[in-house]
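Tertiary structure, described
Here is what each chain is made of, one letter per residue.
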2 protein chains.
Amino acid sequence: MSLQTPYLLFLGDAPDALAAKVAQGIRDWRPGISVGQFRLPGCKADMGLPDMTIGEAVAAGAKTLVIGVANRGGVISESWKAVLVEALAAGMDLAAGLHNLLRDEPDLVAAAKEHGRKLHDVRVPSVKYPIGDGKRRAGKRILAVGTDCSCGKMYTALALEKEMRARGMKADFRATGQTGILITGDGVPLDAVVADFMAGAVETITPEAADDHWDVVEGQGSLFHPSFSGVTMALIHGSQADNLILCHEPTRTHMRGLPHFQVPTLEALHEMVMPLARIVNPDVRVSGISVNTAAMGEDEAQGYLAGIEEAMGMPATDPYRFGVAKLVEAL
Amino acid sequence: MSLQTPYLLFLGDAPDALAAKVAQGIRDWRPGISVGQFRLPGCKADMGLPDMTIGEAVAAGAKTLVIGVANRGGVISESWKAVLVEALAAGMDLAAGLHNLLRDEPDLVAAAKEHGRKLHDVRVPSVKYPIGDGKRRAGKRILAVGTDCSCGKMYTALALEKEMRARGMKADFRATGQTGILITGDGVPLDAVVADFMAGAVETITPEAADDHWDVVEGQGSLFHPSFSGVTMALIHGSQADNLILCHEPTRTHMRGLPHFQVPTLEALHEMVMPLARIVNPDVRVSGISVNTAAMGEDEAQGYLAGIEEAMGMPATDPYRFGVAKLVEAL
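Residues numbered from 1 in each chain as written. Chains lettered and ligands numbered in written order. Predicted model: local features only at pLDDT ≥ 70, side-chain atom pairs only at ≥ 80, totals over all residues. Heavy atoms only, no water.

Attention now moves to the overall build of chain A. In terms of regular secondary structure, chain A is built from 12 helices and 11 strands. Relative to the globule expectation of 20 Å for 331 residues, the C-alpha radius of gyration of chain A, 20 Å, shows essentially globular dimensions. Taken over the C-alpha atoms alone, chain A extends approximately 60 × 45 × 45 Å along its principal axes. The contacts of chain A with a sequence gap of at least 6 include a subset with a gap of at least 24, amounting to 76%. Of the accessible surface of chain A, which amounts to about 12,900 Å², a share of 52% is contributed by carbon and sulfur atoms. Mean positive and mean negative side-chain charge positions of chain A (31 and 40 charges, respectively) differ by 3 Å. (Helix = DSSP H or I, 4+ residues; strand = E, 2+ residues; numbered from the N terminus. Rg over C-alpha atoms; globule rule 2.2 N^0.38 Å. Contact = heavy atoms within 4.5 Å. Areas by Shrake-Rupley, 256 points an atom, 1.4 Å probe, with all protein chains shown as cover. Lys, Arg positive; Asp, Glu negative; His and termini not counted. Charge placed at Lys NZ, Arg CZ, Asp CG, Glu CD.)

Below is the structure:
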């Protein structure tokens, strides 16, 4: 799937900033991709973009209205509908990553058809992927792998892309989840791909490239998370990563959603992932560690990172707090 | 999906015995499950069952006509159609594992609807599976894992079930592919399940059971096969196996379909799978080895197995040639 840009960010009636975190991600990582924001009365989120009507957004060149807000249950609220239909009528596509699919709303389907526009449900694969073949491809690839789900893999990969581009390197973040797809306008919702085609989907979004080009692949799940380890495995083999970044959240007491599973150590992750990754790329190495230290004080975080660097013999940082320069230098 | 039994085995116009290998699997592993066979003129396959018309099969109690033959391309031949429609009209469901789905044939869909019968495409999941949770369940589980795809995992698991039942043990083969599903009438076509639900699907077909009950789970793919390793991973974590059987085909020169990948050794598989399997079951162990020695002479096979037993320190057998008594004794 490829979304047409620029975007109009739809914030709806977001009750707080957190409800609009998808919009915030787009704003943070692709600051130039949106011409403005659309807010309904009572909206408590603000991306600092010009507030626009649908007509103003189209006049400013907007091609896709992106639903950057989620309400409880991920449904498409009736109060949004009139705006969404107006956007379709005015010539914009719609894109969303909600559980409630755009395509399951008959009035949106009818309006899209009438006006020749597209409904992009980025939670659902729109491409028929091939079966993976594991053939070595030119170009370089980095994959973020975690001790758990939701421990900063997407943030780490986006921060790497930004830092690498700032240094003049050729780097592309490759999204494998819905938020990443909305941020960059492209990618694969890997958790929704049929099992046989997972590795092939990852190969498809990290194609052969110039020797000095880097794909920075968003990780998913964890080898240690029994609900989703198969998805992680497909990423490791599909990406044939040259460099792995280990991601960790040190204050978590158990695996996400699984109180009966402990979070492994970074050392355990390192030992587990390397032989698996070597199957498709004998030269793979772990080049650094990304730690989400949000729950720690500044000194504590610095001390923790220094300890990890000494124990593991490789650079460790919190991308949000201290940037990823160290990780890029170690590539 | 649960298929109604007994079956009528449809052999169609099979050009040779190999074309009817699904029917042969049903005949071999569930000898009492079929009341008869249906053959079109020119059929070269024979299951040694009574040849029956549709009317005779229904009179004998047949509830499902199973397409046990595949022609080139896996299509539903026009010459089969009249028989299939007749079976639906006579009150039988249809079941098939072909690429060409029964549900994609309008005349079959119409006949099924008219007569209130079901079309079972066992290649497609018919159940909405939950996300796996990795919680420990009572009962015992055995999983066949391979150095490669198609190296005897299904055969090994079916042979184990048969031997265990013959010894009075409670054992159920759990199918994870289309042939296994047709043989037993139940299971999950794991390679067609959406990524997020793979582990949950495996948990669903290996539910909590009595302490002395054994699920014998059909393996898929290989951790070393980059096209399908994610599916294998989901089986390892979803089954939370107590016992693993390593499966191997020693004369293969490369991974199936991937000439650029070597087949690993049994030792390499052993080292790779154990730490992954321990995540969900700390007590897991490899209890034996199953080798497909079809390409070896009898003496060579015996010598090879003896060498493996000595090197690995556990029982090794070729289930087809020498049975699986050793593997059952080692559980």
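Moving on from the coordinates now.
So, on to the interface of chain B and chain A. At the junction of the two partners, chain B supplies 33 residues and chain A supplies 33 residues. Buried surface at the junction of chain B and chain A, both sides included, amounts to about 2,700 Å², of which 68% is carbon and sulfur. Along the contact surface separating chain B from chain A lie 0 salt bridges. Summed over the shared surface of chain B and chain A, the number is 10 residue pairs in polar contact (both at pLDDT 80 or more). Ranked by residue count, the leading element in the side of chain B that touches chain A is helix 8 (residues 229-239) of chain B, at 6 residues. Grouping the constituent residues of the side of chain B that touches chain A by class yields 22 nonpolar, 7 polar and 4 charged. (Buried area = accessible area lost by both parts, 1.4 Å probe. Salt bridge = Lys/Arg side-chain N within 4 Å of Asp/Glu carboxyl O. Polar contact = N/O pair within 3.5 Å; in protein donor to acceptor, adjacent residues only side chain to side chain. Nonpolar A, V, L, I, M, F, W, Y, C, P; charged D, E, K, R; others polar.)

It is worth spelling out the relation of the copies chain B and chain A at this point. Take chain B, turn it by 180°, move it 0.0 Å along the axis, and it overlays chain A with an RMSD of 0.0 Å. The transformation relating the two chain copies, once decomposed into turn and shift, fits a two-fold axis. A high fraction, 100%, of the interface residues of chain B reappear at the interface in chain A, so the copies pair face to face through one surface. (Least-squares fit on C-alpha atoms with pLDDT ≥ 70 in both.)

With that settled, consider the pairing of strand 1 (residues 7-12) of chain A. Within a regular strand, side chains alternate between the sheet's two faces. Residue and element names in this part refer to chain A. Among the 6 residues that make up strand 1, 6 are buried, leaving the element largely enclosed by the rest of the structure. Neither face of strand 1 is open: one carries Tyr7, Leu9 and Leu11, the other Leu8, Phe10 and Gly12, and all of them are buried. The pairing of strand 1 with strand 2 (residues 34-39) spans 5 bridges and is classified as parallel. Bridge pairing in strand 2 places Phe10 opposite Phe38. In this view, the connection linking strand 1 to its parallel neighbour strand 2 by way of helix 1 (residues 21-29) has right-handed handedness. (Buried < 20%, exposed > 50% of the residue type's maximum accessible area, 1.4 Å probe, protein only. Pairing = 2+ DSSP bridges. Right-handed = clockwise from strand over helix to strand, strands pointing away.)

A separate point is the side chain of Glu203 of chain B. Residue and element names in this part refer to chain B. Its place among the elements puts Glu203 in helix 7 (residues 198-205). Of the side chains with opposite charge, Arg137 lies nearest to the buried Glu203, which makes no salt bridge, at 4.4 Å. Separated by 2.7 Å, the side chain of Glu203 and the backbone nitrogen of Gly134 make a polar contact. Once residues lying within four places of it in the same chain are set aside, the contact partners of Glu203 are Gly132, Asp133, Gly134, Arg137 and Gly238.

Our focus in this paragraph is the sheet that holds strand 11 (residues 316-317) of chain B. Residue and element names in this part refer to chain B. The strand order across the open sheet formed by 6 strands is 7-8-6-9-10-11, and the pairing between neighbours is parallel. Each edge of the open sheet is held by one strand with a lone partner, namely strand 7 (170-174) and strand 11. Bridge analysis of strand 7 against strand 8 (residues 213-217) gives 5 bridges, and the strand direction is parallel. By the bridge assignment for strand 8, Phe173 is matched with Val216. The strands touched by helix 8 are strand 6 (140-146) and strand 8; relative to strand 6, the strand with the most contacts, the crossing angle is about 165°. (Axes fitted to C-alpha atoms, helices over the stretch in contact; angles between N-to-C directions.)

Chain-level statistics for chain A give a pLDDT mean of 96 and a share of 100% at 70 or above. The complex prediction reports pTM at 0.95, with the ipTM value standing at 0.93. (pLDDT = per-residue confidence, 0-100.)

We now examine the nonpolar core. Within the largest apolar cluster, 88 residues are counted, with the highest numbers of intra-cluster contacts made by Leu244 of chain A together with Leu244 of chain B. By size, the runner-up hydrophobic cluster in this structure holds 67 residues, among which are Tyr7, Ala23, Trp29 and Ile183 of chain A. (Core = buried A, V, L, I, M, F, W, Y, C linked by side-chain atoms within 4.5 Å.)

Quick look at the packing of helix 8 (residues 229-239) of chain A against helix 8 of chain B now. One can describe the packing of helix 8 of chain A onto helix 8 of chain B by two numbers: an axis separation of 7 Å at closest approach and a directional angle of 150°. Taken together, the axis directions place helix 8 of chain A and helix 8 of chain B in an arrangement best described as roughly antiparallel. Where helix 8 of chain A crosses over helix 8 of chain B, the handedness of that crossing is right-handed. Counted together, Ser229, Gly230, Met233, Ala234 and His237 of chain A of helix 8 of chain A and Ser229, Gly230, Met233, Ala234 and His237 of chain B of helix 8 of chain B form the full contact between these two elements. (Parallel < 35°, antiparallel > 145°, perpendicular 65-115°, else oblique. Left-handed = near helix turned anticlockwise from the far one by under 90°.)

This part is about unusual backbone geometry. Residues Thr5 of chain A and Pro6 of chain A are joined by a peptide bond in cis, for which omega reads 0°. Turning to its location among the elements, Pro6 of chain A is positioned in the segment before strand 1. Despite not being glycine, Gln240 of chain B shows a phi value in the positive range, around 40°. Among the secondary structure elements, Gln240 of chain B is positioned in the loop between helix 8 and strand 9 (243-248).

Residue and element names in this part refer to chain A. With parallel pairing, the 5 strands of this open sheet are ordered in space as 2-1-3-4-5. Among the strands making up the open sheet, the edge pair consists of strand 2 and strand 5 (119-121). Between one strand axis and the next, the sheet turns by 20° as a mean value, whatever way the strands run.

Residue and element names in this part refer to chain A. Between its first and last C-alpha atoms helix 5 (residues 153-166) spans 20 Å; for 14 residues at 1.5 Å apiece the expected length is 20 Å, and the two agree. Residues Lys153, Thr156, Ala157, Leu158, Ala159, Leu160, Glu161 and Met164 constitute the buried set of helix 5. Count one or two residues on from helix 5 and you reach Gly168, which has phi positive near 85°. (Expected span 1.5 Å × (residues − 1).)

All names here are of chain A. Relative to the helices and strands, Ala70 is located in the loop between strand 3 (64-67) and helix 3 (78-89). C-alpha separation for the pair Ala70 and Asp104, spaced 34 residues apart in sequence, amounts to 17 Å. Look past the residues within four positions of Ala70 in its chain and what remains in contact with it is Ala19 and Leu98.

So, about the environment of Lys153 of chain A. Residue and element names in this part refer to chain A. In this fold, Lys153 is placed in helix 5. What makes Lys153 buried here is its relative accessible area of 6%. On a C-alpha basis, the gap between Lys153 and Pro189 in space is 15 Å, while along the polypeptide they are 36 residues apart. Those residues in contact with Lys153, other than ones at most four positions away along the chain, are Ala144, Val145, Gly146, Asp148, Gly219, Gln220, Gly221 and Cys247. One polar contact links the side chain of Lys153 to the main-chain carbonyl oxygen of Gly221, over a distance of 3.0 Å.

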